[in-house]
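The lines below spell out each chain.
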Amino acid sequence: MTFDYAKITRSRLMGSMGLIIRYEENKKYIYQYFLLDGEGLGIADYVSLKNPTSKEACKEEERLMGGLGENRVFISEDRALFLVQYFGQKNIEYDKPLPDGQEYYMDTIKNHKTNLTMEDMFPIICRKITNDIEFINFMTMRFIAWDREALRHFCENKE
């Protein structure tokens, strides 16, 4: 399988992101759809489609990403696999079950090697906050959700 592309919603500050990774194998496409939850669930949903029609692929993308209300950006394979690994480790750390289809992504969770950190990823998976009111709204939502990771990103006090 060769990597074709990956894209993610810039919705981390809302708590969840949709991630799509597409691979090609012998002129057939394999789509992996992940719902990544930053509020303690890790990988919250997973669907794999093998050689879907464009209508089927679009329908699944909209189911996953359409309601998150943010732009979708293309990311590298390393960044996409880092996110799968990072959020999959959250499932394991919090003793939350991983979604069905683990045979397709468990190797990434256990074995992907990278130098990336979540700090590297925040500017990519979060849209830029443009004014004080927006900042207050986002931080209030992250505080209510006990989302320490997002709060730490914007605060000098790491406690």
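Along each chain, residues carry numbers from 1 onward, in the same order as the chain's sequence is written. At least 70 in pLDDT is required for a residue's local features to be given in this predicted model, at least 80 for side-chain atom pairs to be given and counted, and no such filter applies to totals for whole chains, interfaces and linings, which use all residues. Side-chain numbers here rest on the full set of heavy atoms in the structure, without hydrogens or water.

Asker: How should the overall build of the chain be read in this particular structure?
Answerer: When its secondary structure is counted, the chain shows six helices and five strands. Taking 15 Å as the expected radius of gyration for a compact globule of 159 residues, we find that the chain reaches 16 Å, a close match to that expectation. For the chain, the spread of C-alpha atoms along the three principal axes comes to 50 × 30 × 25 Å. For every residue, the accessible area obtained with a 1.4 Å probe (protein chains only) is divided by the maximum for its type, and the residue is called buried under 20%, exposed over 50%, and partly exposed between those limits. A buried classification covers 45% of the 159 residues belonging to the chain. The contact rule is simple, with two residues in contact once any of their heavy atoms fall within 4.5 Å. Once local pairs closer than 6 in sequence are excluded, the contacts in the chain between residues at least 24 apart make up 59%. For the chain, the accessible surface area stands at approximately 9,300 Å², while carbon and sulfur atoms represent 50% of it. What counts as a helix is a DSSP run of H or I of at least four residues, what counts as a strand is a run of E of at least two, and both are numbered from the N terminus. Here the globule rule reads 2.2 Å times residues to the power 0.38, and the radius of gyration is calculated from C-alpha atoms. Method for areas: the Shrake-Rupley scheme with a 1.4 Å probe, in which residue coverage is limited to the protein chains shown.

Asker: Please clarify how the pattern of salt bridges should be interpreted in this entry.
Answerer: It is possible for side chains of opposite charge to pair when their charged atoms get near one another. Whenever Lys or Arg places a side-chain nitrogen within 4 Å of a carboxyl oxygen from Asp or Glu, that contact is recorded as a salt bridge. All chains considered together, the criterion is met by eight salt bridges. Residues Arg 63 and Glu 60 are paired through a salt bridge, measuring 2.6 Å at the closest nitrogen-oxygen approach. Of the two residues, Arg 63 and Glu 60 are both situated in helix α1 (residues 54-65); the distance of three residues between them amounts to about one turn of the helix. For Arg 63, a relative accessible area of 47% gives the class partly exposed. Across the pair Glu 61 and Arg 72 runs a salt bridge whose closest N-O atoms are separated by 2.8 Å. Separated by eleven residues along the polypeptide, Glu 61 in helix α1 and Arg 72 in strand β5 (residues 72-75) bring together distant segments of the chain. Accessibility expressed as a relative area gives 12% for Glu 61, which makes it buried. By relative accessible area, which is 28% here, Arg 72 ends up partly exposed. A single network of salt bridges, built from pairs that share partners, joins Lys 7, Glu 61, Glu 62 and Arg 72.

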